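Descriptive structure summary
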Amino acid sequence: SQTIHQWPATLVQPVGSPLSLECTVEGTSNPNLYWYRQAAGRGLQLLFYSVGIGQISSEVPQNLSASRPQDRQFILSSKKLLLSDSGFYLCAWNGGGYEQYFGPGTRLTVT
Amino acid sequence: AQKVTQAQTEISVVEKEDVTLDCVYETRDTTYYLFWYKQPPSGELVFLIRRNSFDEQNEISGRYSWNFQKSTSSFNFTITASQVVDSAVYFCALSEANTGGFKTIFGAGTRLFVKA
């Protein structure tokens, strides 16, 4: 069966520091991968999606970037965090269907 | 443009009551997919159901049922005989076929509290 991992689970970072969140999927090949952000008490905002290695589509212009160095690895990065980057970051994948399967999330607090 | 509206921000019920979560969507695409996800306090979203735009059959799964009506652009979710474990945030979502399923729009969510 397929599983999706995210780490770290929680992170507290100062403003202006770099960020790297990692997501990996097991048990499937060539998945579509997604990064979402959920602000406190809000819905999900799609940040990036990827259909293959090195292929990244950005949905929201901001100081975040994403990379897909391997088939089942998706990384979310920032060179300098802003206070507004605080939130719950969720990675998701799907295969042939349209429904998405989510990881456990990373709770980021920028101080 | 696609849009999902969940007008109920929070609902509070007592255990064993039935509760319906409303979802209204907007799309110009003739082929689309609707979803419900559950987000328990742990935070991880759990996929519950997908309906295709060409299939208006209602669906029942245990205590859960879904009512899809294209005429009113609604996809409502009913929990029968609610339980404390049903307490969570529930999201309705929409994906248009012309986006290849890559762009799923989520509603703002409805927080359900089930009291013992």
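Refer to the structure printed above.
So, here's what we can say about the structure. Everything quoted here is computed from the prediction, not taken from an experiment.

Residue and element names in this part refer to chain A. With respect to topology, 4 strands assemble into an open sheet ordered E1-E3-E8-E7, the strand pairing being antiparallel. At either end of the open sheet lies a strand with only one pairing partner, and these are strand E1 (3-7) and strand E7 (64-70). Put simply, the sheet's adjacent strands are angled 20° from each other on average, direction ignored. By the bridge criterion, 5 bridges tie E1 to strand E3 (residues 19-26) in an arrangement that is antiparallel. Residue pairing in the sheet places Ile4 in a bridge with Val25 of E3.

Our next topic: the pairing of strand E8 (residues 64-69) of chain B. Residue and element names in this part refer to chain B. By the alternation rule, side chains of E8 split into Tyr64, Trp66 and Phe68, which are all buried, and Ser65, Asn67 and Gln69, of which none is buried. Pairing of strand E7 (residues 59-61) with E8 involves 3 bridges; the strand directions are antiparallel. In the strand pairing of E8, Glu59 is matched with Trp66. Linkage of E7 to E8, two consecutive antiparallel strands, is achieved through a turn of 2 residues, within which Gly62 is found at a positive phi near 65°.

Rules and cut-offs
- Residues numbered from 1 in each chain as written.
- Chains lettered and ligands numbered in written order.
- Predicted model: local features only at pLDDT ≥ 70, side-chain atom pairs only at ≥ 80, totals over all residues.
- Heavy atoms only, no water.
- Pairing = 2+ DSSP bridges.
- Helix = DSSP H or I, 4+ residues; strand = E, 2+ residues; numbered from the N terminus.
- Axes fitted to C-alpha atoms, helices over the stretch in contact; angles between N-to-C directions.
- Buried < 20%, exposed > 50% of the residue type's maximum accessible area, 1.4 Å probe, protein only.

Taken by themselves, the reported measurements are silent on function.
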